[in-house]
Amino acid sequence: MKKQPFDMRALIRPDLLELPGYAPIEPTDVLAERLGIAPEAVIKLDGNENPFGPSPRALEAIRAERHYHIYPDPDQRKVREALARHLETDIERIVCGLGSDDLIDLILRAVLLPADGVINCSPTFGMYPFSTEIAGGRVIDVPRLESFALDVDAIEKAAASAKLIFIASPNNPTGQRMSPAELERLLATGLLVVADEAYIEFAGAHHSAVPLVREYDNLVVLRTFSKWAGLAGLRAGYGVMSPVLASVLMTIKQPYNLNVAAGVAMLAALEDKALLDERACIITGTREKLSAMLAEIPWITPHPSEANFILCRLDGVDAVEVKDRLAKRGIFVRYFDSERLRNHLRISVGLEAHNEPVVRALKEIGAELGR
């Protein structure tokens, strides 16, 4: 019998066939191999990773664990109990996932009907529109102001045609935090407001909106262990929300979405909170020193930041050219191919020892480009 051709593209959702993929960053070993240098020679400042890595207690907990052959607890009980104590909230409000990205996807799948609107305040974290489109939602772009502050007036006008809004606070990649007054106005719209606090520890955890979750059922706060705790490679995040929404997410999530290694590392990291807070403080100090050094370069304007990165506007030079020349020197920073950020680079804050070689390289590149 003659085999009939099978058109796989006809089976796939047409909108997904046209969807551009999310642009992830590459790991250190890949970058080093591309340059032909040792991995330790790479200065990787493109992923907002914690340069200190995990806490010693987290590493020891991973080494000591002997049950990797057993499925993890689908109810995430120990981790959720520890987080409830850490945040002074109820365990029924907490859901853990594979980083906060997993929670973004779960929330959208729980809430959206086809073509429901999701407000995206660009420029911001690219996973919000990416995950919205995968979930069959409709992205409503409400651009930030020239200063990159939220355009709350425009958001209020767009709210009638939307169901939820994502706000990164501090915002990635621009670095500023949402104010309490802005949050209050967003909550008053009746939208489900998802406050993504991936970088809040570098702004001061006392600025977190977690305490408000008890007062507002339409508030969700996302947090991660990727930045503050240095566990980006284990994908460990969580959300704090209404018990009703949390119950639904616990029902629809993959049963074992928090793996054993991530679970034990999260528990140990919470026990090492003092050290991790101290490291976050060091990173914020290094950020301020780096920002001051960058500001001395005439063609670079660093934007104020409350996160572990600095967005820099470049004047009179091509940002891609600067990025590529840095890469040839083993220094990797992030460029975003969007209209608002076309002449910008985002530089993650590394160790203080990285500041001088990065600034020196930028000055050399400026001279090469006639700046």
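It should be emphasised that the depicted structure is a prediction, and the values quoted were computed from it without experimental measurement.

Caption draft 1: Local environment of the sheet that holds strand S10 (residues 309-314). What the three strands build is an open sheet, ordered S9-S10-S12; its pairing is antiparallel. Strands at the two margins of the open sheet, each flanked by one partner only, are strand S9 (300-302) and strand S12 (344-348). Strand-to-strand, the axes of this sheet are offset by a mean angle of 30 degrees, without reference to chain direction. Both S10 and S12 contribute to a ladder of five bridges, which runs antiparallel. Residue pairing across strands places Leu311 opposite Arg346, the latter belonging to S12. Packed on one face of the sheet, helix H12 (residues 273-295) meets S9, S10 and S12 and runs near 10 degrees to S10. Across the sheet, helix H13 (residues 319-328) lies against S10 and S12, angled at about 35 degrees from S12, the strand it touches most.

Caption draft 2: Highlighting the pattern of salt bridges. Under the counting rule described, the total for this entry stands at 28 salt bridges. For the salt bridge of Arg325 with Glu321, the shortest nitrogen-to-oxygen distance reads 2.5 Å. Highlighted residues: Arg325 and Glu321, both in helix H13, separated by four residues, approximately one helical turn. Take Arg325: its relative accessible area is 24%, and that puts it in the partly exposed class. By relative accessible area, Glu321 is classed as partly exposed at 30%.

Caption draft 3: Region of interest: the environment of Thr286. Note on placement: Thr286 falls in helix H12. Between the C-alpha atom of Thr286 and that of Val349, which follows or precedes it by 63 residues, the distance is 7.0 Å.

Caption draft 4: Quick peek at the pairing of strand S3 (residues 117-120). Residue alternation in S3 divides its side chains into two sets, Gly117 and Ile119 and Val118 and Asn120, and both sets are buried. The sheet contact formed by S3 and strand S4 (residues 138-141) spans four bridges and is parallel. Looking across to S4, one finds that Gly117 is bridged to Arg138. In the classification by handedness, the crossover that spans S3, the intervening helix H7 (residues 127-134) and the parallel S4 is right-handed. Of the pairings in the sheet, the one linking S3 to strand S5 (residues 164-168) comprises three bridges and is parallel in character. Counted as the bridge partner of Ile119 is Ile165 from S5.

Analysis parameters
- Residues numbered from 1 in each chain as written.
- Predicted model: local features only at pLDDT ≥ 70, side-chain atom pairs only at ≥ 80, totals over all residues.
- Heavy atoms only, no water.
- Pairing = 2+ DSSP bridges.
- Helix = DSSP H or I, 4+ residues; strand = E, 2+ residues; numbered from the N terminus.
- Axes fitted to C-alpha atoms, helices over the stretch in contact; angles between N-to-C directions.
- Contact = heavy atoms within 4.5 Å.
- Salt bridge = Lys/Arg side-chain N within 4 Å of Asp/Glu carboxyl O.
- Buried < 20%, exposed > 50% of the residue type's maximum accessible area, 1.4 Å probe, protein only.
- Right-handed = clockwise from strand over helix to strand, strands pointing away.

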